Amino acid sequence: MSDDDLVITFIPALITLLVAAERSKGRPLTEAEVLEIRDGGVCIMLKRSDRDAMAESRGYADLDAEQIWNQWQAVRAELG
């Protein structure tokens with residue numbers, strides 16, 4: 001893996017989309033809803049180094065699209 005490898009990057013970050021959707025619904029999202037949000041998300045290709053710099057500037061890394069359900073459950077627990 002190189003810093004110049006291109007990686008899929010969601011804009012806005014998946015975590016931002018999920019937090020907003022859950023607040024809007026006023027309840028926890030179902031797995032189907034989380035996958036639907038992921039599948040409808042806008043993404044671009046960025047150099048890995050640019051994606052990492054973007055995550056550092058916003059203060060958190062985004063969720064892995066392939067592991068989104070499990071990672072979202074962990075984030076929800078942290079957010080309380």
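Scroll up to find the structure this text is about.
Reference entry: report on the structure contained in this document. Only a predicted model underlies this, so the values are computations on that prediction, with no experimental measurement involved. (Residues numbered from 1 in each chain as written. Predicted model: local features only at pLDDT ≥ 70, side-chain atom pairs only at ≥ 80, totals over all residues. Heavy atoms only, no water.)

1. Remarks on the packing of helix 1 (residues 14-25) against helix 2 (residues 31-40)
Thinking step 1. Packing of helix 1 against helix 2 brings their axes to within 10 Å, and their N-to-C directions diverge by 130 degrees. Between helix 1 and helix 2, the crossing angle belongs to the class labelled oblique. Here helix 1 and helix 2 pass one another in a crossing that is right-handed. In contact with Leu14, Leu17, Leu18, Ala21 and Lys25 of helix 1, helix 2 contributes Glu33, Val34, Ile37 and Arg38.
Thinking step 2. Considered class by class, the residues forming the contact of helix 1 with helix 2 number six nonpolar, no polar and three charged. (Axes fitted to C-alpha atoms, helices over the stretch in contact; angles between N-to-C directions. Helix = DSSP H or I, 4+ residues; strand = E, 2+ residues; numbered from the N terminus. Parallel < 35°, antiparallel > 145°, perpendicular 65-115°, else oblique. Left-handed = near helix turned anticlockwise from the far one by under 90°. Contact = heavy atoms within 4.5 Å. Nonpolar A, V, L, I, M, F, W, Y, C, P; charged D, E, K, R; others polar.)

2. Observations regarding unusual backbone geometry
With the exception of glycine, most residues fall at negative phi, and the peptide bonds are largely trans.
Thinking step 1. That bond from isoleucine 11 to proline 12 is cis: its omega, -5 degrees, falls within 30 degrees of zero.
Thinking step 2. Positionally, proline 12 belongs in the loop between strand 1 (6-10) and helix 1.

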